Amino acid sequence: MKNILSDFASQQVARLTEIKGVEIPNFCVGDTVSVKYKITEGTTTRIQAFNGTVIAKTKSPKNYNATFTVRKVSNGVGVERKFTLHSPLLAGVEVLKQGVVRRAKLYYLRGLTGKASRIKEKLDFYNTKNAKKS
């Protein structure tokens, strides 16, 4: 029974990535990402970017209903948005900074403001990013 479920999940992931045509990069909790999401208003469709810190991920990226939660502070108000990883409305995810964290869920950031809510940045991220372009 377990084989059937894992086969179904892998088929769904393959089908959804084929529909999207976009490769989702590997990112972890604590990374600062820019999520491009398709929004339909009436007859027009546009892409809106949501920049923030990944505070939670659920399930494996191989699972077709895996999600991740992104948090940002806008005008002093914390805004969280939950995205489905393999959604056809997800136009792309770009990793802006990699964070150094020691927890799987960063829900404690909800109670912090200002400098206390900062996450240390992985300093060798830019070197590896530039090395791949060369």
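Computed from a prediction, not measured in an experiment: that's the story for all the values here.

About the cut-offs
- Every chain's residues receive numbers from 1 upward, in the order its sequence appears when written.
- Per-residue local features of the predicted model are confined to residues with pLDDT of at least 70, and side-chain atom pairs are confined, for both listing and counting, to 80 or more; whole-chain, interface and lining totals are unaffected and use all residues.
- The side-chain numbers reported here are obtained from all heavy atoms of the structure, hydrogens and water having been left aside.
- Under the DSSP-based scheme used, a helix requires at least four consecutive residues in state H or I and a strand at least two consecutive residues in state E, with every element numbered from the N terminus.
- Relative accessibility decides the category of a residue: with a 1.4 Å probe and only protein chains considered, values under 20% of the type maximum give buried, values over 50% give exposed, and everything between is partly exposed.
- For this analysis, residues touch if any pair of their heavy atoms sits within 4.5 Å.
- What sets the accessible areas is the Shrake-Rupley method with a 1.4 Å probe; for residues, cover comes only from the shown protein chains.
- Residues counted as positive are Lys and Arg, residues counted as negative are Asp and Glu, and His and the chain ends are not counted.
- To locate a charge, the coordinates of NZ of Lys, CZ of Arg, CG of Asp or CD of Glu are taken.
- For the purposes of these results, a polar contact is taken to be a pair of N or O atoms within 3.5 Å, where, inside protein, one atom must be able to donate a hydrogen and its partner to accept one; residues adjacent in sequence count only when each atom of the pair is a side-chain atom.
- Both cavities and pockets are sets of points on a 1 Å grid over the protein atoms alone; in a cavity a 1.4 Å probe fits but cannot get out, in a pocket the set is open with protein on both sides within 12 Å along at least five of seven lines, and lining residues sit with an atom within 4 Å of a point.
- Grid points are joined across faces, edges and corners, and a volume is the space filled by probe spheres set on the points.
- Only Asp, Glu, Lys and Arg are considered charged in this grouping, and only Ala, Val, Leu, Ile, Met, Phe, Trp, Tyr, Cys and Pro are considered nonpolar; every other residue, Gly among them, is considered polar.

**Student:** Honestly, the overall build of the protein chain in this entry has me stumped. Any pointers?
**Tutor:** Check the secondary structure of the protein chain and you find two helices and five strands. For the protein chain, the N- to C-terminal ordering of α and β elements is α-β-β-β-β-β-α. For the protein chain, buried positions account for 30% of its 134 residues. For the protein chain, long-range pairs separated by at least 24 residues make up 56% of all intrachain contacts whose partners lie at least 6 apart in sequence. Accessible surface computed for the protein chain: about 9,200 Å², of which carbon and sulfur atoms make up 53%. Each charge sign in the protein chain was given a centre, from 25 positive and 9 negative side chains, and these centres are 7 Å apart.

**Student:** Looking at this structure, I do not really get the side chain of Gln12. What am I missing?
**Tutor:** Structurally, the position occupied by Gln12 is in helix H1 (residues 2-20). For Gln12, a relative accessible area of 16% translates into the label buried. There is a polar contact of 3.0 Å between the side chain of Gln12 and the side chain of Arg15.

**Student:** What should I look at first to understand empty space enclosed by the protein in this one?
**Tutor:** Empty space among the atoms becomes visible once a probe the size of a water molecule is rolled across them. Under the counting rule described, the total for this entry stands at one cavity of 30 Å³ or more. The volume enclosed by the largest cavity comes to roughly 30 Å³. Lining the largest cavity are Lys57, Thr58, Lys59, Ser60, Pro61, Ala66, Thr67, Phe68 and Leu85. Among the elements of the structure, strand E2 (44-58) and strand E3 (67-74) are those that each provide at least two residues to the lining of the largest cavity. In terms of residue class, the lining of the largest cavity is made up of four nonpolar, three polar and two charged.

**Student:** In this structure, what is going on with the layout of surface pockets? I would like to understand it.
**Tutor:** Put simply, the largest pocket is a space of about 350 Å³. Only E2 and E3 provide two or more residues apiece to the lining of the largest pocket. Residue contributions to the lining of the largest pocket peak at three residues, all from E3. Along the lines of polarity and charge, the residues of the lining of the largest pocket split into four nonpolar, eight polar and six charged.

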